[in-house]
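Given next are the chains, with one letter for each unit.
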Amino acid sequence: MLVRRIVSTGLVLALCVTAPLGAKDAKDNPAAQPRPRDVPRHKQFLKIVEKGEGDVIFLGDSITQGWEGNGKKVWPEAFGAFKPVNLGIGGDQTGDVIWRITVGKEIEPLKPKLAVIMIGTNNMSAHTPEQIAGGVKAIIAELQKQKPDTKVLLLAIFPRSPKADDKIRVKVNDTNKILATFGDDKKVFYKDIGEKFLEKDGTLEKKIMPDFLHLSEEGYKIWADAIKEDIAKLVK
């Protein structure tokens with residue numbers, strides 16, 4: 001497998017000549033199957049998106065939903081100009097997001113210029129890195145099918161757990177190595193901002209992630225600062 005990496009103004013792009021998971025693999029992958037997520041927050045999303053407004057959508061789990069919690073002060077200043085739509089739901093796995101954008105029709109009324117994706121941490125206990133990456137790939141494929149003009153900013157799964165050598169952290173890193181191959185330099189752009197949350201020795205501090213998973217306000221500020229320039233370029 002030949003992977004070409006380009007670093008430009010902090011945005012890491014990767015071109016993968018051969019995909020690690022084919023159509024048959026995705027079909028047999030439990031992390032790439034739709035999981036019904038007809039929860040109240042999903043119903044709220046349908047009312048929000050029916051107006052058809054939103055240049056940038058954020059797809060993810062509780063960490064993305066947290067832009068409305070610890071990140072609520074950071075969100076408007078960092079992304080307000082892009083008419084952002086937060087489509088994060090706590091507890092979501094890759095399959096939940098797949099359901100929401102297919103059967104759930106969450107993005108049907110929208111014509112976003114960019115989709116920011118950060119998903120997969122809730123899959124860690126049930127799926128392998130290859131399966132998780134396959135689930136993320138299925139999300140990207142569905143977005144490209146429905147919204148061919150929409151670009152994707154694919155973020156590496158954020159680090160979790162206090163120490164760099166914790167098993168869950170290693171599994172996150174192994175998954176991210178596969179996600180890094182999904183960029184095509186045209187529509188899908190991969191970026192790993194994980195190190196920005198960590199100390200020099202790789203440890204994670206509570207001031208950034210109080211429970212070593214979810215971000216504090218300072219953590220959301222780090223996230224916003226790391227991607228807002230990339231978003232501005234990609235929505236042009």
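Here the structure is a predicted model, which is why all the values come from computation and not from measurement.

(A) How the structure looks around the pairing of strand S4 (residues 84-88). Most of S4 is tucked away, with four of its five residues classed as buried. Here strand S3 (residues 56-60) runs beside S4; their pairing, made up of five bridges, is parallel. Counterpart to Phe58 in the pairing with S4 is Asn86.

(B) Highlighting unusual backbone geometry. Positive phi, close to 75°, is recorded for Ser161, a residue that is not glycine. Counting through the fold element by element, Ser161 comes out in the loop between strand S6 (151-155) and helix H7 (167-179). Under the relative-accessibility criterion, Ser161 is labelled buried at 14%. Within the chain, Asp185 stands out as a residue other than glycine whose phi angle is a positive 65°. With a relative accessible area of 19%, Asp185 lands in the buried category.

(C) Region of the structure containing the nonpolar core. The biggest cluster of nonpolar side chains holds 33 residues, and the ones touching the most others in it are Ile117, Leu143 and Leu154. In contact with Leu143, other than residues within four places in its own chain, are Leu59, Ile101, Ile107, Ala115, Ile117, Pro148 and Val152. Of all hydrophobic cores here, the second largest spans 32 residues; its members include Trp67, Leu153, Ile193 and Met209.

(D) Expanded view of the side chain of Ser161. Separated by 2.4 Å, the side chains of Ser161 and Asp166 make a polar contact. Once you skip the residues sitting within four places of it in the chain, Ser161 turns out to touch Asp166, Ile168, Arg169, Leu204 and Phe212.

(E) Representation of the packing of aromatic side chains in the model. Tallied over the full model, the rule gives 11 aromatic pairs. Centre to centre, the rings of Trp75 and Phe79 are 5.5 Å apart; their planes meet at 70°, and the pair counts as edge-to-face. With Trp75 and Phe79 both in helix H4 (residues 74-79) and four residues apart, the pair spans about one turn of that helix. For the pair Trp75 and Phe79, a shared accessibility class is recorded, and that class is buried. Ring centres 4.8 Å apart and planes at 55° place the aromatic pair Phe158 and Phe197 in the tilted group. Of the two residues, Phe158 is situated in the loop between S6 and H7 and Phe197 in the loop between strand S7 (188-191) and helix H8 (217-234); the sequence distance between them amounts to 39 residues. Using a relative accessible area of 3% as the deciding quantity, one classes Phe158 as buried. What links up through ring pairs into an aromatic cluster is the set Phe58, Trp67, Trp75, Phe79, Phe158, Phe197, Tyr220 and Trp223.

Calculation rules
Residues numbered from 1 in each chain as written. Predicted model: local features only at pLDDT ≥ 70, side-chain atom pairs only at ≥ 80, totals over all residues. Heavy atoms only, no water. Buried < 20%, exposed > 50% of the residue type's maximum accessible area, 1.4 Å probe, protein only. Helix = DSSP H or I, 4+ residues; strand = E, 2+ residues; numbered from the N terminus. Pairing = 2+ DSSP bridges. Core = buried A, V, L, I, M, F, W, Y, C linked by side-chain atoms within 4.5 Å. Contact = heavy atoms within 4.5 Å. Polar contact = N/O pair within 3.5 Å; in protein donor to acceptor, adjacent residues only side chain to side chain. Phe/Tyr/Trp six-rings, centres within 6.5 Å; stacked < 30°, edge-to-face > 60°.

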